[in-house]
Amino acid sequence: MSAAAPQTGLFDCRDAYVATLEALGAQNSSIVAVVNDSVGSSKLGKFREKFPERLINVGIAEQNMIGVGAGLANGGKVAFVSGASCFLTGRSLEQVKADVAYSQANVKLCGISSGVAYGELGPTHHSIEDVAWLRTMGNIDIIVPADPWETEQAIRHAAATEGPVFIRISRMGVPALERPTDAQFQIGKAEVLHAGDDAAILANGTVVCRALEAAKTLAAEGIQARVVNMSSMSPIDEAAILSAAQTGAIVTAEEHSVRGGLGGAVAEIIAQHTPCRLKILGFAGFQPTGSAEFLMEQAGLTADHIAASVRKLLDR
Amino acid sequence: MSMPQPLSQSGADTAQRVAHVRDMARWIRQRALRMAFEAGQGHPGGDLSVTDILATLYFDAMRYDPANPRWAGRDRFILSKGHATGALYSTLAKAGFFPEDELTTYMQPLSRLNGHPNRVKIPGVETNTGPLGHGMPIAVGIAIAGQIDAGQNGRADYRVFVTTGDGELQEGSNWEAAMTAGHRKLSNLTLIVDRNRLQQGAPTEETVTLEPLADKWRAFGWDVEEIDGHDIAALLPLLDGSLARAKPLCIIANTVKGKGVSFMENKAAWHHGIPNAEQFAQAMQELEA
Ligand SMILES: Cc1ncc(C[n+]2csc(CCOP(=O)(O)OP(=O)(O)O)c2C)c(N)n1
Ligand SMILES: [Mg+2]
């Protein structure tokens, strides 16, 4: 059964997340949700109505929340721990490291409103470091879905896999991407969404649709840029990155810090195997006041700026 | 340098002091609500519940110099529930830390007034809050510094005030700090809990029980006083006498989330709900009273 959203307009990926979790929860009574006073912001009100005894609200206590999730996993539950990504990861980083990653607990971390979704609420509420922090741990699957379909696949992957998973779930509106009907999500595999050999744009999450737009603009100018959806950040698809490096020019684009995220991961791999020109687009540090869209523009996470970055790498 | 004189030490009588704080509180409530309305976001419920606490601290109790915001002898205040920036920024502007006009830039692009306070940019802010459960440990650290200096030369006799939400007390960091403060008998530290009984999504007691809250603080080595958090006349003597105690003081201020606006009072939906134009007009009228 597909719980994915319909095919037009812009979508809040939280809706695909909760619809999928409700569907899976109906099939598997081991699935529980753990929250930190975040029933509303995680959109889990309906899950609570359906499975009241399976919604555990620990209050405003994120370190406790992660530990409780690990304990629930020990007791045989599949724990979807869900809260604002900034607090879920940052506040509880050691619990994530020791109780979840190092202990290989069957905990699914759902980082809600990741990136700069909380715009004007400022850097305390932005979550542009989360992928970097968790990526260093090595043994936690990290997925940054680009649209509702991929969000659903990520949740299904998490439920079907034993072990820790971190999924970034944005509230920023994204279109449903066009895909072949037999498209499949596979952890560790990148997805080529637009073919091209002149350059490659590697993106994930909310920026993928912008990368695709950039590629269309470039194609009209005779530049064929490959667009690769790097939703699986850990494990990461090294082969797809090395193949992208063969084009000679890579632009990475992510709603994340320029340090340690997708750009950092790509740099680690190409520098050791196939050095090529590289531009990393993302956030350079703590962000000023502004809406999410304003901050994305300032950071160059727009189709126009991505296209310009490709041109620049190609000296055009 | 001349030491700024708070109203509490000016010889004004209680009625005058209460009247002044009330005037300030009325202004802060209206200004804060206008900010949230104009920005289209913010946290009106928590702004309105904490306003009387802020007004009492800044316009009666505390010693500070807005012209010299990092004056070493200042009393310190930390708003640990950092989401109540409508009230905090209005208070700081009224106290003279930055121009009142600047409040219109709340949450606008590149404004220094974002949704949570930033000490790097805003004079009068002691530390960057927003994630709940950060204020107490920092307040404890300041209070220890004050104790060390007072012990050496009797100079740093400043007081440290911190306000947390009540839901916020579910964060364990508060209790780690509480233990440190109790152990060290930090009598220069006063916590005021904005006990409005609501957190983001529901009442505290339905989410994770806090009661018996006063007993918890006593068990951690604190003095506890419980008052109506909107009764300024009750708050004044507690703050006047805080240094005479041998322990840190926790004031449980029983407040009303959304205080002063009939349709907002005691409703979780106004935690971050924003009034429409009609509701805003009605609210401003009610806050005039
Ligand atoms: C560490 C952390 N977790 C979650 C949040 C999201 N959040 C913001 S305000 C709030 C509720 C706070 O309730 P309370 O402390 O009672 O404050 P008040 O009622 O005065 O607004 C929550 C959960 C946060 N800011 N920080
Ligand atoms: Mg409260």
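Since the model is a prediction, treat every value here as computed from it, not as a measurement. (Residues numbered from 1 in each chain as written. Chains lettered and ligands numbered in written order. Predicted model: local features only at pLDDT ≥ 70, side-chain atom pairs only at ≥ 80, totals over all residues. Heavy atoms only, no water.)

### Some remarks on the interface of chain A and chain B
Logical step 1: Contacts between the two partners involve 22 residues from chain A and, on the opposite side, 27 residues from chain B.
Logical step 2: Summing both partners gives a buried area of about 1,800 Å² for chain A against chain B, and 53% of it is carried by carbon and sulfur.
Logical step 3: By the criterion of area lost to chain B, the three top residues of chain A are Ile60, Arg91 and Thr289 of chain A, representing 34% of everything that side buries.
Logical step 4: Counting every contact that joins chain A to chain B gives one salt bridge.
Logical step 5: Glu171 of chain B is paired through a salt bridge with Arg91 of chain A; the nearest N and O atoms lie 3.4 Å apart.
Logical step 6: Viewed at the interface, chain B and chain A are joined by 14 residue pairs in polar contact (both at pLDDT 80 or more).
Logical step 7: Among the secondary structure elements, those contributing two or more residues to the side of chain A that touches chain B are α4 (85–91) and α11 (292–298) of chain A. (Contact = heavy atoms within 4.5 Å. Buried area = accessible area lost by both parts, 1.4 Å probe. Salt bridge = Lys/Arg side-chain N within 4 Å of Asp/Glu carboxyl O. Polar contact = N/O pair within 3.5 Å; in protein donor to acceptor, adjacent residues only side chain to side chain. Helix = DSSP H or I, 4+ residues; strand = E, 2+ residues; numbered from the N terminus.)

### Focus: the pairing of strand β1 (residues 76–79) of chain B
Residue and element names in this part refer to chain B.
Logical step 1: Residues Arg76 and Ile78 of β1 are buried on one face, and the alternating residues Phe77 and Leu79, pointing to the opposite face, are buried as well.
Logical step 2: As defined by bridge partners, β1 adjoins strand β2 (residues 160–165) across four bridges and the pair is classed as parallel. Pairing of Arg76 across the sheet is with Val160, part of β2. (Buried < 20%, exposed > 50% of the residue type's maximum accessible area, 1.4 Å probe, protein only. Pairing = 2+ DSSP bridges.)

### Topic: the packing of aromatic side chains
Given two aromatic rings, their pairing is described by the distance between the two centres and the angle made by the two planes.
All names here are of chain B.
Logical step 1: Under the criterion given, the structure shown has ten aromatic pairs over all chains.
Logical step 2: Ring geometry for Tyr89 and Tyr106: centres 5.9 Å apart, planes at 85°, overall edge-to-face. Here Tyr106 lies in the loop between α3 (85–94) and α4 (135–153) and Tyr89 lies in helix α3, a separation of 17 residues in the sequence. Each member of the pair, Tyr89 together with Tyr106, is buried.
Logical step 3: Relative to Trp222, the ring of Trp217 lies with its centre 4.9 Å away and its plane at 65°, an arrangement referred to as edge-to-face.
Logical step 4: On the basis of relative accessible area, Trp217 is assigned to the buried category, the value being 0%.
Logical step 5: Trp222 sits in the buried class, given a relative accessible area of 1%.
Logical step 6: Feature note: the residues Tyr58, Tyr64, Phe77 and Phe97 constitute an aromatic cluster, connected by ring pairs.
Logical step 7: If you follow Arg76 out to its NZ or CZ, it ends over the ring of Tyr158, 4.0 Å from the centre. (Phe/Tyr/Trp six-rings, centres within 6.5 Å; stacked < 30°, edge-to-face > 60°. Lys NZ or Arg CZ within 6 Å of the ring centre and 35° of its normal.)

### Let's talk about the site of ligand 1
Logical step 1: The immediate surroundings of ligand 1 are formed by 24 residues, with Glu62 of chain A together with Lys81, His83, Asp166 and Lys257 of chain B found nearest.
Logical step 2: Chains contributing residues near ligand 1 are chains A and B.
Logical step 3: Residue Gly130 of chain B places a main-chain N or O atom 2.9 Å away from a nitrogen atom belonging to ligand 1.
Logical step 4: The contact in question runs from an oxygen atom of ligand 1 to an N or O atom on the backbone of Leu198 of chain B, over 2.9 Å.
Logical step 5: Here ligand 1 loses 97% of its free accessible area of 600 Å² to cover by the protein chains.
Logical step 6: Mapping ligand 1 onto the cavity grids shows that it belongs to the largest pocket.
Logical step 7: The residue makeup of the shell around ligand 1, split by class, is five nonpolar, ten polar and nine charged. (Near = heavy atom within 4 Å. Areas by Shrake-Rupley, 256 points an atom, 1.4 Å probe, with all protein chains shown as cover. 1 Å grid on protein atoms, 1.4 Å probe; cavity = no way out; pocket = protein on both sides within 12 Å on 5 of 7 lines; lining within 4 Å. Sits in = over half its atoms within 2 Å of the grid points. Nonpolar A, V, L, I, M, F, W, Y, C, P; charged D, E, K, R; others polar.)

### A closer look at the layout of surface pockets
Logical step 1: The calculated volume of the largest pocket comes to roughly 1,000 Å³.
Logical step 2: Lining of the largest pocket is provided by 50 residues; of these, Asp37 and Ser41 of chain A together with Gln200, His271 and His272 of chain B occupy positions nearest its centre.
Logical step 3: Where the lining of the largest pocket is concerned, the elements lending two or more residues are β3 (55–57) and α4 of chain A together with α6 (204–207) of chain B.
Logical step 4: Across the lining of the largest pocket, the residue classes tally to 14 nonpolar, 22 polar and 14 charged.
Logical step 5: Put simply, the second largest pocket is a space of about 510 Å³.
Logical step 6: What lines the second largest pocket is a set of 27 residues, among which Gly122, Pro123, Thr124 and Phe286 of chain A together with Asn128 of chain B lie closest to the centre.
Logical step 7: For the lining of the second largest pocket, a count of residues per class yields nine nonpolar, 14 polar and four charged.
Logical step 8: When residues of the lining of the second largest pocket are assigned to domains, at least three fall in each of domain 1 (13–169) and domain 2 (191–313) of chain A. (Points joined across faces, edges and corners; volume = space filled by probe spheres on them. Domains from an automatic or database assignment.)

### Quick notes on the coordination of the magnesium ion (ligand 2)
Residues and elements named next belong to chain B.
Logical step 1: Coordination sphere of the magnesium ion (ligand 2), protein contribution only: Asp166 (OD), Asn196 (OD1) and Leu198 (O), at 2.1 Å.
Logical step 2: One chain supplies every donor to the magnesium ion (ligand 2), and in sequence these donors are spaced D-x29-N-x1-L. Of this pair, Asp166 sits in the loop between β2 and α5 (172–183) while Asn196 sits in the loop between β3 (189–195) and α6, placing them 30 residues apart in sequence. (Donors = N, O, S within 2.8 Å, 3.2 Å for Na, K, Ca; no water.)

### Let's talk about the domain arrangement of chain A
Residues and elements named next belong to chain A.
Logical step 1: Assigned domains within chain A: domain 1 (13–169) and domain 2 (191–313).
Logical step 2: Relative placement of domain 1 and domain 2: their C-alpha centres are 26 Å apart.
Logical step 3: Across the boundary between the two partners, domain 1 contributes 24 residues, which contact 28 residues of domain 2.
Logical step 4: For the pair domain 1 and domain 2, the two sides together bury roughly 2,000 Å², of which 55% comes from carbon and sulfur.
Logical step 5: Summed over the three residues of domain 1 that lose the most area to domain 2, namely Val116, Ile128 and Arg135, the buried surface amounts to 32% of that side.
Logical step 6: Our enumeration of links across domain 1 and domain 2 arrives at one salt bridge.
Logical step 7: Where Glu268 meets Arg135, a salt bridge forms, and the shortest distance between an N and an O atom there is 2.8 Å.
Logical step 8: At the level of elements, α6 (130–135) and β6 (141–143) are the ones that each hand at least two residues to the side of domain 1 that touches domain 2.

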